[in-house]
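# Structural overview for review
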Amino acid sequence: MGEAVETAVSDVMEESAVMEHVNVNKFLNAEIGGFSIGKIISAIVVLIVCLLIKKLLNKAIKKIIGKSSLNDRVQTLIEKVIDITLTVIIVLITASALGINTTSLIAIVTAFSLGITLALNDILANIAGGIVMMTAKIFKIGDYIEVGGVEGTVKEMHLAHTKIETLDNQVITVPNKDISSSKVKSYTANTTRRTNIVVTASYEASKEVVKKALMEAITDEKTVLSDPAPSVFITQYGESSIEYTLYFWTKNGDFLSAKLNILDRISDKFAKYDIEMTYNHLNIHMIDK
């Protein structure tokens, strides 16, 4: 009797387990919007795990980039690019978990990315140039530079463009792609700057007197540095004049005023020593026979 009862109970339990298994499978295979509940649950689990991993990766990347010497704008751009990339990857993984063929999705993403790249070619080139410029630290705000025929003080630096203020108070916006692909001349990279002034004098004037007059014009200017010492050299013998070049050093902020002051003094010194400042002309000598 007892064995019969145990057998009956065992059969009922097995039948119940089978029915429960059948019901679970039926539930999981049930479809909502063309997707089975089982795949939807699996995709949700995958999505949650991916989002947690993405959050951890973003924190780690932000920490690593924060320790670098990159500009704040560049750091923000890199973080956004990585965040968008991870989001696209998560979408593809979740779609795959749902049973969607991701090959077509990848093709669509690739085509979309290519279209954006072509449409924003100049903008992306400027941003890339800005990243190169900021990471390489070619110059900084306040530097006096010359690039692409534009000369002036750097006022603003953005990822896509740089604003330069010229000496005549004009603000010129230069695309960063032009800056990154051009030679940049920085006048303020060093604390001092050498300036050259070229003048001419007649052959009749004594070379030593001309050099003396030019040296006086330099040494009378208080902003000219004594080390390195200023100097004057003959740099060319022309058709109707001798060319002299003055070399002198000043602090970066004094070069322009020093140059203008010395140019003004040169004419006074030449007048003092009766030196003729020549110009191109033709001498005709008449010979009587």
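Everything that follows concerns the structure shown earlier in this document.
These notes cover the structure that comes with them. Not measured: the values here are computed from a predicted model.

Along its length, the protein carries 8 helices and 10 strands. A burial count over the protein gives 25% of its 289 residues as buried. Across the protein, contacts joining residues at least 24 apart in sequence account for 60% of those joining residues at least 6 apart. Carbon and sulfur atoms make up 60% of the accessible area of the protein, which totals about 19,300 Å².

Let us look at the pairing of strand S9 (residues 231–237). Two strands pair when backbone bridges link them, and S9 and strand S10 (residues 242–251) are joined in this way by 6 bridges, in the antiparallel orientation. Considered in S10, the bridge of Tyr237 is made with Ile242. Hairpin connection of S9 to S10: 4 residues between the antiparallel strands.

Let's shift gears to helix H7 (residues 207–219). Each α-helix turn comprises 3.6 residues. Residues three or four places apart therefore point the same way. Its 13 residues place the ends of H7 18 Å apart at the C-alpha level, agreeing with the 18 Å of an ideal helix rising 1.5 Å per residue. Taken together, the buried positions of H7 are Val210, Ala213, Leu214, Glu216, Ala217 and Ile218.

Looking at where Glu216 falls in the secondary structure, it is placed in helix H7. Once residues within four sequence positions are removed from consideration, Glu216 is found in contact with Lys269, Lys272 and Tyr273.

This paragraph deals with the pattern of salt bridges. The final tally for this structure, using the stated rule, is 9 salt bridges. We note a salt bridge from Asp83 to Lys54, for which the minimum N-O separation is 2.9 Å. Of this pair, Asp83 sits in helix H3 (residues 72–98) while Lys54 sits in helix H2 (residues 37–66), and the two are 29 residues apart along the sequence. Notably, a salt bridge pairs Lys272 with Glu216, separated by 3.5 Å at the nearest N-O pair. Of this pair, Lys272 sits in helix H8 (residues 255–272) while Glu216 sits in helix H7, and the two are 56 residues apart along the sequence. Residues joined in a network through salt bridges with shared partners are Glu216, Asp220, Lys269 and Lys272.

Along its 18 residues, H8 runs 25 Å from first to last C-alpha, staying within 8% of the 26 Å computed at 1.5 Å per residue. Those residues of H8 that sit buried are Phe255, Ala258, Ile262, Ile266, Lys269 and Phe270. Summarising the contacts, the buried residues of H8 are in contact with strand S8 (192–201), H7 and S10. Among the residues trailing H8, Asp274 stands out with phi positive, at a value near 55°.

About the criteria used
Residues numbered from 1 in each chain as written. Predicted model: local features only at pLDDT ≥ 70, side-chain atom pairs only at ≥ 80, totals over all residues. Heavy atoms only, no water. Helix = DSSP H or I, 4+ residues; strand = E, 2+ residues; numbered from the N terminus. Buried < 20%, exposed > 50% of the residue type's maximum accessible area, 1.4 Å probe, protein only. Contact = heavy atoms within 4.5 Å. Areas by Shrake-Rupley, 256 points an atom, 1.4 Å probe, with all protein chains shown as cover. Pairing = 2+ DSSP bridges. Expected span 1.5 Å × (residues − 1). Salt bridge = Lys/Arg side-chain N within 4 Å of Asp/Glu carboxyl O.

That's the geometry; what it means functionally is another story.
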